[in-house]
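Spelled out, the chains give:
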Amino acid sequence: QVQLVESGGGLVQAGGSLRVSCAASGRTFNNYAMGWFRQAPGNEREFVARVSSSIGSTDYADSVKGRFTISRDNAKNTVYLQMNSLKPEDTAVYYCAVGVAVGFGRIATMRVDYWGQGTQVTVSS
């Protein structure tokens, strides 16, 4: 049974930093892309970042480029999202995702096979 467990969300002031983590279990994920989506109240879930299964290439949504960094540790089946220079508009539930990378550049996203349960990130102004 596949499980994705997120941790590290919380409350932070604008300009601060947080790191969220996602530990995957139940199978080997080395051949999958891993990434993060987020959903704010009243909004659709949106792509944030992904890291590929092969050479570890990364893609980001324009709204977080230059502020967020995604990385993965295949030995631990874990993906991380380091979030710096946080803004109130980054407030959302952040979901870990495992699946297939789709598209590139501004249309980069994922076809998600597995979702985590989500972790709340709140940025106060």
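Caption draft 1: Quick look at the pairing of strand S3 (residues 18–25). In this structure, strand S1 (residues 3–7) lies alongside S3, joined through 5 bridges in antiparallel fashion. Considered in S3, the bridge of serine 7 is made with serine 21.

Caption draft 2: Summary view of the pattern of salt bridges. If you walk through the whole model with that rule in mind, you get 7 salt bridges. For the salt bridge of arginine 67 with aspartate 90, the shortest nitrogen-to-oxygen distance reads 2.7 Å. Taken as a pair, arginine 67 in the loop between strand S6 (58–60) and strand S7 (68–73) and aspartate 90 in the loop between strand S8 (78–83) and strand S9 (92–102) lie far apart in primary sequence, 23 residues in all. Under the relative-accessibility criterion, aspartate 90 is labelled buried at 1%. Among the ionic pairs, aspartate 113 bridges to arginine 111, the shortest N-O distance being 3.4 Å. Its relative accessible area of 34% is what places aspartate 113 among the partly exposed residues. Within the structure, one salt-bridge network assembled from shared partners comprises Arg38, Glu46, Arg67 and Asp90.

Caption draft 3: Broad picture of the nonpolar core. The biggest cluster of nonpolar side chains holds 35 residues, and the ones touching the most others in it are Trp36, Leu81, Met83 and Tyr94. Those elements that place two or more of their residues in this core are S3, strand S4 (33–39), strand S5 (46–51), S7, S8, S9 and strand S11 (119–124). Residue contributions to this core peak at 5 residues, all from S9. With residues up to four places along the chain from it excluded, the contact list for leucine 81 reads Leu18, Arg19, Val20, Trp36, Val48, Ala49, Phe68, Thr69, Ile70 and Tyr94.

Caption draft 4: Representation of the state of the cysteines in the model. Counted under the stated rule, the structure contains 1 disulfide. The disulfide partner of cysteine 22 is cysteine 96, and the gap between their sulfur atoms is 2.1 Å. Handedness here is read from the sign of the S-S torsion; for cysteine 22 and cysteine 96, about -80 degrees, the answer is left-handed. Taken together, the positions of cysteine 22 in strand S3 and cysteine 96 in strand S9 put the pair 74 residues apart, joining distant regions of the chain. Relative accessible area serves as the criterion here: at 0%, cysteine 22 is assigned to the buried category.

About the cut-offs
Residues numbered from 1 in each chain as written. Predicted model: local features only at pLDDT ≥ 70, side-chain atom pairs only at ≥ 80, totals over all residues. Heavy atoms only, no water. Pairing = 2+ DSSP bridges. Helix = DSSP H or I, 4+ residues; strand = E, 2+ residues; numbered from the N terminus. Salt bridge = Lys/Arg side-chain N within 4 Å of Asp/Glu carboxyl O. Buried < 20%, exposed > 50% of the residue type's maximum accessible area, 1.4 Å probe, protein only. Core = buried A, V, L, I, M, F, W, Y, C linked by side-chain atoms within 4.5 Å. Contact = heavy atoms within 4.5 Å. Disulfide = S-S within 2.5 Å.

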